[in-house]
Amino acid sequence: MGGAGGDELPPSGRGSTGKRTGRPKDGGPNRGFRGQFGATKDAGYRLAAAHLELARAEFADIIDEVKRVAILIGVAIAASLFAGLLVSVGMSLFLGEWLFGSMGWGIVHFSELAIALAVVGIVAALGVSAASIARGLVVATVIAVVIAVLAASHVLNRAWEAVGVAVAPGLDPANRPLVVGLAAGAAIGALLGLLMGTRIGGGRSLGTVIGSAIGSAILGAIFGLILGAISAITFSLHVAVAIGIAVLLDIWIAACGLAVARGDLDFAAWGRKYYPSQSIDSAKETIEWVRERTPLGPKS
């Protein structure tokens with residue numbers, strides 16, 4: 001049946017030599033260069049996508065951790081600020097009650113101290129000298145000590161009483177020190193304000209001097225009324241000390257403002273601090289040096 005000269009065909013896909021012939025089936029082990037390249041590319045895409053997905057997951061975890069830490073730090077900072085506020089306010093109230101018999105004095109003193117430090121910082125930043133600021137503090141301290149001593153000794157109350165008896169004996173004895181203190185304080189304050197306003201306006205036009213003097217006299221009279229009313233009251237020792245501290249801080253604030261108004265502030269010197277003069281001068285010298293050695297054109 002299968003003789004050598006018969007018509008029987010060789011097995012499918014093989015020649016007479018026994019070797020495989022024809023194209024391999026798709027998906028077989030020998031897919032060719034194009035198939036291998038496509039498979040490698042798909043594998044690369046899948047690998048990159050897997051890495052990106054892993055990176056997204058890790059970054060999401062990191063961002064969540066950063067958010068958690070930021071929230072905790074924010075809570076800690078807020079709690080610290082709140083604790084500092086409570087301590088500062090509570091300390092002011094405690095010291096006012098303990099030292100001067102009233103929490104109101106603590107509020108007044110710490111408020112004035114905060115304002116004074118703010119004003120000192122501003123005028124120092126503007127260029128007012130430390131000597132001028134210190135001089136204002138010394139003057140304020142001396143005046144405050146004098147006022148505290150006068151308030152504790154009741155000297156002014158007795159003086160207004162004596163002046164009232166001599167000048168206006170018909171006044172009610174209960175109100176006599178207060179009335180005389182108001183009148184004397186307003187008169188003295190207006191006089192001092194007039195002198196100070198004239199000094200501040202000195203060297204300027206006549207209208208400026210008059211306006212400055214009148215304005216300062218009015219302010220002096222107002223402050224004089226306040227001080228005159230206070231001076232007519234009899235105070236205990238701790239209240240007198242509290243008044244002295246309040247006056248010290250008020251006068252220090254006023255002295256800083258007076259230093260600016262008086263012209264202790266040198267705006268030109270203050271502006272020079274923020275002008276890079278050395279760099280600009282050096283750059284100009286360099287440009288001139290280059291021009292001398294490499295002229296750009298004929299000299300005029």
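Here the structure is a predicted model, which means the values were calculated and not measured. (Residues numbered from 1 in each chain as written. Predicted model: local features only at pLDDT ≥ 70, side-chain atom pairs only at ≥ 80, totals over all residues. Heavy atoms only, no water.)

### Side note on the overall build of the chain
- Secondary structure assignment for the chain yields nine helices and zero strands.
- When contacts within the chain are restricted to residue pairs at least 6 apart in sequence, long-range pairs at least 24 apart make up 64% of them.
- Only carbon and sulfur atoms are counted for the fraction: they give 70% of the accessible area of the chain, which is about 21400 Å². (Helix = DSSP H or I, 4+ residues; strand = E, 2+ residues; numbered from the N terminus. Contact = heavy atoms within 4.5 Å. Areas by Shrake-Rupley, 256 points an atom, 1.4 Å probe, with all protein chains shown as cover.)

### Considerations on the nonpolar core
- The biggest cluster of nonpolar side chains holds nine residues, and these are A116, V120, V123, V128, I133, A140, W252, C256 and A259.
- Elements represented by at least two residues in this core include exactly α2 (103-126), α3 (130-153) and α7 (237-262).
- If you look at the next biggest cluster of nonpolar residues, it comprises six residues, including A151, A240, I243 and V247. (Core = buried A, V, L, I, M, F, W, Y, C linked by side-chain atoms within 4.5 Å. Buried < 20%, exposed > 50% of the residue type's maximum accessible area, 1.4 Å probe, protein only.)

### A few points about the confidence of the model for the chain
- Within the chain, residue pLDDT values average 79, and 80% of them lie at 70 or more.
- Within the chain, the lowest mean pLDDT, 64, falls on helix α8 (residues 267-272), and the highest, 90, falls on α3.
- Low pLDDT, under 50, characterises residues 1-28; the stretch is placed with ten contacts to residues that sit more than four places away or in other chains. (pLDDT = per-residue confidence, 0-100.)

### Focus: unusual backbone geometry
- Of note in this structure, H154 is not a glycine but carries a positive phi near 60°.
- Residue placement: H154 occurs in the loop between α3 and α4 (155-167).

### Remarks on the packing of aromatic side chains
- The full count for this structure, using the stated rule, is one aromatic pair.
- Ring centres 5.7 Å apart and planes at 20° place the aromatic pair F94 and W98 in the stacked group. In this pair, F94 and W98 both sit in helix α1 (residues 32-100), four residues apart, roughly one turn of the helix.
- Note on W98: relative accessible area 59%, which makes it exposed. (Phe/Tyr/Trp six-rings, centres within 6.5 Å; stacked < 30°, edge-to-face > 60°.)

### Focus on the packing of α1 against α2
- Running from N to C, α1 and α2 cross one another at 125°; their axes reach a closest spacing of 6 Å. Considering the angle they form, α1 stands oblique to α2. In terms of crossing hand, the pair formed by α1 and α2 is right-handed. Contacts from S92, L93, L95, G96, E97 and F100 of α1 reach α2 at M103, W105, G106, I107, H109 and F110. (Axes fitted to C-alpha atoms, helices over the stretch in contact; angles between N-to-C directions. Parallel < 35°, antiparallel > 145°, perpendicular 65-115°, else oblique. Left-handed = near helix turned anticlockwise from the far one by under 90°.)

### Comments concerning the environment of G189
- Positionally, G189 belongs in helix α5 (residues 176-200).
- The exposure class of G189 is buried, given its relative accessible area of 11%.
- C-alpha separation for the pair G189 and L225, spaced 36 residues apart in sequence, amounts to 7.7 Å.
- The contact partners of G189, leaving out residues within four places of it in the chain, are A217, G220, A221 and G224.

### Observations regarding the pattern of salt bridges
- Following the criterion strictly, the structure yields three salt bridges and no others.
- Between E53 and R56 there is a salt bridge whose closest N-O contact spans 3.4 Å. Pair noted here: E53 and R56 are both in helix α1, with a separation of three residues, about one helical turn.
- Notably, a salt bridge pairs E65 with R68, separated by 2.6 Å at the nearest N-O pair. Remark: R68 and E65 occur in helix α1; sequence separation between them is three residues, near one turn of the helix.
- Its relative accessible area of 43% is what places R68 among the partly exposed residues. (Salt bridge = Lys/Arg side-chain N within 4 Å of Asp/Glu carboxyl O.)

### Some words on α4
- Along its 13 residues, α4 runs 18 Å from first to last C-alpha, staying within 8% of the 18 Å computed at 1.5 Å per residue.
- Along α4, the residues that are buried comprise N157, W160 and G164. One side of α4 carries all its buried residues, which in axial view fall inside an arc of 65°. Pointing more than 90 degrees away from the buried face of α4 are the exposed residues R158 and A166. (Expected span 1.5 Å × (residues − 1). Arc of directions from axis to C-beta.)

### Brief notes about α5
- Over its 25 residues, α5 extends 36 Å from the first C-alpha to the last, a length consistent with the 36 Å expected when each residue adds 1.5 Å.
- What α5 keeps buried is the set R176, P177, V180, G181, A184, G185, A186, G189, G193 and G197.

### Focus on the environment of I107
- Residue placement: I107 occurs in helix α2.
- For the pair formed by I107 and G90, sequence separation is 17 residues and the distance between their alpha carbons is 9.7 Å.

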